[in-house]
Structures are given as C-alpha cells and as structure tokens.
Amino acid sequence: MFKEKIKIIGFDADDTLWINEPYYKETEDKLCRLLKNYSSPENTSKELFKIEIKNLKLYGYGAKAFILSLIEAALQISHNKIKGSEIEKIIGFGKDQINRKNELLPGVEKVLS
C-alpha cells in the first residue's frame, strides 16, 4: 500500500500548527510607532522587509534574525540618530516575541498523532 511507503511527513509549522505571523506584525507595528519621528509606518515596513530579505541568507529565518533586522532597520531609517534607549526598546520587543507562548491551532494534536 501507498501508506506503508510514507516514512516522513514534514510540516511548515508557523501558522499551520500554531499562530505566529500576527506576533511578527505586532512587533513590526511597535517598530513603526517607535520610528514615527524618522519615517512613516509604510516606509518603515517597506525598509524592514528589504532588510529582512537581504539578511535572510546570512541570519536565516526566525525571531532572532527578525530582531537583528529590526535594529538594522532602525539604524538605517534614523540615519544612525536613534538613541540607545530606543534600541533597548527594540531589543525588548524582540524578547517579548521570543518569550511569547505559541498558541496551537485547533486540531493540531490530532493531526500530528
């Protein structure tokens, strides 16, 4: 049978097995608010995305890579005028994201079993 030939099943877990993307968007929105004196929210989001794509090969994908890209975006957008206390807030945004408990989507346990 076909079922007996299956040895591995892979899942892209983010937003398939648990909620993830809204948390990244929430952190991005916090960055936009923090940088409002340097840039519009639309421009901040656009620049952050460009930096994330540029950094993807080097940092990979995930919360820590995202935090580094947030900091780089803040430095670039502010032309290195951002205060240390503001960078500290960005690091705090990242820590909050890393410490957030992932919320499983309905039926995940059944799917995985």
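Quick note: structure is the one above.
Predicted, not measured: the structure shown is a model, and the values here were computed from it.

A. Broad picture of the overall build of the protein. Along the protein, the regular secondary structure elements total six helices and zero strands. Once the C-alpha set of the protein is aligned to its principal axes, its extents read approximately 65 × 25 × 20 Å. A burial count over the protein gives 33% of its 113 residues as buried. Counting only contacts in the protein whose residues sit at least 6 apart along the sequence, the fraction spanning at least 24 positions is 64%. Looking at the protein as shown, the accessible area adds up to about 8300 Å², and 57% of this sits on carbon and sulfur atoms.

B. Broad picture of a nonpolar patch on the surface. Taken together, the side chains of Phe-2, Ile-6, Ile-9, Phe-11, Val-111 and Leu-112 present a nonpolar region at the surface, about 640 Å² in accessible area. Among the structural elements, Phe-2 can be located in helix α1 (residues 2-5). Judged by its relative accessible area of 65%, Phe-2 falls in the exposed class.

C. Geometry of the pattern of salt bridges. The full count for this structure, using the stated rule, is five salt bridges. Residue Glu-47 is joined to Lys-50 by a salt bridge in which the shortest nitrogen-to-oxygen separation is 3.0 Å. Highlighted residues: Glu-47 and Lys-50, both in helix α3 (residues 41-59), separated by three residues, approximately one helical turn. Of the residues examined, Glu-47 reaches a relative accessible area of 14% and is grouped as buried.

D. Here's a closer look at unusual backbone geometry. You will see that His-79, though not glycine, has its phi angle at about 55°, which is positive. With respect to the helices and strands, the residue His-79 is situated in the loop between α4 (63-77) and α5 (84-99). Given the relative accessible area of 62%, His-79 is considered exposed. Non-glycine residue Asn-80 carries a positive phi angle of around 65°. By secondary structure assignment, the location of Asn-80 is in the loop between α4 and α5.

E. Inspection of the layout of surface pockets at higher detail. If you add up the space inside the largest pocket, you get close to 270 Å³. Lining the largest pocket we find 16 residues, and of these Tyr-24, Phe-49, Glu-52, Tyr-61 and Phe-66 sit closest to its centre. Those elements that provide at least two residues to the lining of the largest pocket are α2 (21-34), α3 and α4. With six residues, the top contributor of residues to the lining of the largest pocket is α3. Considering only residue class, the lining of the largest pocket consists of eight nonpolar, four polar and four charged.

F. Geometry of the side chain of Glu-86. Examined against the element boundaries, Glu-86 turns out to sit in helix α5. The residues touching Glu-86, leaving out its near neighbours within four places in the chain, are Leu-34 and Tyr-38.

G. Quick look at the packing of aromatic side chains. The final tally for this structure, using the stated rule, is two aromatic pairs. Judged by centre distance (6.4 Å) and plane angle (20°), the ring pair of Tyr-24 and Tyr-61 falls under stacked. Of this pair, Tyr-24 sits in helix α2 while Tyr-61 is found in the loop between α3 and α4, placing the two residues 37 residues apart along the sequence. Residue Tyr-24 is classed as buried on the basis of its relative accessible area of 10%.

About the cut-offs
Residues numbered from 1 in each chain as written. Predicted model: local features only at pLDDT ≥ 70, side-chain atom pairs only at ≥ 80, totals over all residues. Heavy atoms only, no water. Helix = DSSP H or I, 4+ residues; strand = E, 2+ residues; numbered from the N terminus. Buried < 20%, exposed > 50% of the residue type's maximum accessible area, 1.4 Å probe, protein only. Contact = heavy atoms within 4.5 Å. Areas by Shrake-Rupley, 256 points an atom, 1.4 Å probe, with all protein chains shown as cover. Patch = residues over 30% accessible without salt bridge, like charges linked within 9 Å, V, L, I, M, F, W, Y side chains within 5 Å. Salt bridge = Lys/Arg side-chain N within 4 Å of Asp/Glu carboxyl O. 1 Å grid on protein atoms, 1.4 Å probe; cavity = no way out; pocket = protein on both sides within 12 Å on 5 of 7 lines; lining within 4 Å. Points joined across faces, edges and corners; volume = space filled by probe spheres on them. Nonpolar A, V, L, I, M, F, W, Y, C, P; charged D, E, K, R; others polar. Phe/Tyr/Trp six-rings, centres within 6.5 Å; stacked < 30°, edge-to-face > 60°.

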